[in-house]
Amino acid sequence: MKRKLAVLAMTAVLGLSAVACGSEPAKDDSKKAETTGKEEGGKTEASNVANKDKPLVWFNRQPSNSSTGELDKNALNFNKDTYYVGFDANQGAELQGQMVKEYIEKNADTIDRNGDGVIGYVLAIGDIGHNDSIARTRGVRKALGTGVEKDGNINSEPIGTNVDGKQAAVQDGSLEVGGKKFVVRELGSQEMKNSAGATWDAATAGNSIGTWSSSFGYQIDVVVSNNDGMGMSMFNAWSKENKVPTFGYDANSDAVAAIAEGYGGTISQHADVQAYLTLRVLRNALDGVDIDTGIGTADEAGNVLSDKEYVYNADQRSYYALNVAVTADNYKEFTDSTKTFEPVSKQLDESKSPKKKVWLNIYNASDNFLSSTYQPLLEKYDDFLNLDVEYIGGDGQTESNITNRLGNPSQYDAFGINMVKTDNAASYTALLQ
């Protein structure tokens, strides 16, 4: 990595694991920065534009109500150059659920470890208030037939333990393969939250699989996780040795490599496309060009994406990368998670897109996906797009750990914000008023 993440504190996790937020998109848009610059009246040259009017992109965690999922339209419309970049969480959640179901069907002869006719699985939930966790939990339960409706949608609550199949928040599903019927049961699920309050916590997941395996033993036939960080922790702690397929989300490099060792599969949320879009929408706004430039419409360098890679929802002012299932059939195509996407990896002309300064934070400096995949991709794209980015790493627990380091927004031309909690957009926009 050419440049290192700037951090004051490094602990554990934040929503959107991977993650981004669940919405229904409709197709329609550390390198530490040099903090010098010409001073004019106590402000850098970036201050000729009011902070409230500077380009802003929310990414990975879509401003929304963590209880209802309702989008925060005030945050998404903070100014005319505000957008969100994430991935289509609902589409990805359905893919993950389908991937697990297809694996069970393909391996029906051997997957039932104790031969009791019940396919038991455990589920690691990232953050019960995060749209990604909600979507992924629903996607798995929907595909496996274990979901129970609540308030018009599948219940996404953790159930604790359910060895007897009597928990009200889930139900037993069923699958028939080759004339043989199986019961599918969610044996246990919980939010992976550590004692310090950080969610999506890999260490907690590793400990939990130990507890589950002690309680359920050979009843566990499948392990499912809302992300690869937790999934790999469970895989390394128990699943690999016991040859139990484990499924995650994010297509982190270690998880993709582990498919060769028995990891069941993961979902690529096209982090390369997300990282590009995160910086590209800022670049376009800074240049005053059509927001679709270099996205759906080729720029002068030839950068362009197809509708197979992303969708744009104009009403939500949100760009969503599309997801791809990564399994034993195709994992070798995804072994380098930090490789840029070739169709959008061409250098911009600096005379037409001059260097600009961007403040961008990663909510949790210890998060595997964001720090090991997303940020390295951002660091490559910022060169192509002539952006001088200052990367700030948070502690995964408090917004103030991040916002306290945005003391002088006037020295930046644009902002990229990855919140700890999806409800907290105002903590950032208040600093730009």
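This one's a predicted model, so the numbers in the text were calculated from it and none came from an experiment.

Caption draft 1: Examining the packing of aromatic side chains more closely. Applying the stated criterion across every chain, the model contains 13 aromatic pairs. With centroids separated by 5.4 Å and ring planes inclined at 85 degrees, the aromatic side chains of Phe 235 and Tyr 263 adopt a geometry described as edge-to-face. Of this pair, Phe 235 sits in helix 6 (residues 228–242) while Tyr 263 sits in the loop between helix 7 (253–258) and strand 14 (266–268), and the two are 28 residues apart along the sequence. Joined through ring pairs, the aromatic side chains of Tyr 83, Tyr 310, Tyr 312 and Tyr 319 make up one cluster. The aromatic ring of Tyr 363 is capped on one face by Arg 61, whose charged end is 3.8 Å from the ring centroid.

Caption draft 2: Expanded view of the confidence of the model for the protein chain. Model confidence for the protein chain is summarised by a mean pLDDT of 90, while 89% of its residues fall at 70 or above. The low-confidence segment residues 1–44, where pLDDT is below 50, has 181 contacts with residues more than four positions distant or belonging to other chains.

Caption draft 3: Highlighting the pattern of salt bridges. If you walk through the whole model with that rule in mind, you get 13 salt bridges. With its nearest N and O atoms 2.7 Å apart, the salt bridge here joins Glu 186 to Arg 141. Linking Glu 186 in strand 11 (residues 180–191) with Arg 141 in helix 4 (residues 131–144), this pair joins segments that are 45 residues apart in sequence. Taken as a pair, Glu 186 and Arg 141 share a single burial class, namely buried. Note that Arg 185 and Asp 172 form a salt bridge whose closest N and O atoms lie 2.7 Å from each other. With Arg 185 in strand 11 and Asp 172 in the loop between strand 9 (160–161) and strand 10 (173–177), this pair connects stretches of sequence that are 13 residues apart. The exposure class of Arg 185 is buried, given its relative accessible area of 15%. We classify Asp 172 as partly exposed; its relative accessible area is 30%.

Conventions we followed
- Residues numbered from 1 in each chain as written.
- Predicted model: local features only at pLDDT ≥ 70, side-chain atom pairs only at ≥ 80, totals over all residues.
- Heavy atoms only, no water.
- Phe/Tyr/Trp six-rings, centres within 6.5 Å; stacked < 30°, edge-to-face > 60°.
- Helix = DSSP H or I, 4+ residues; strand = E, 2+ residues; numbered from the N terminus.
- Lys NZ or Arg CZ within 6 Å of the ring centre and 35° of its normal.
- pLDDT = per-residue confidence, 0-100.
- Contact = heavy atoms within 4.5 Å.
- Salt bridge = Lys/Arg side-chain N within 4 Å of Asp/Glu carboxyl O.
- Buried < 20%, exposed > 50% of the residue type's maximum accessible area, 1.4 Å probe, protein only.

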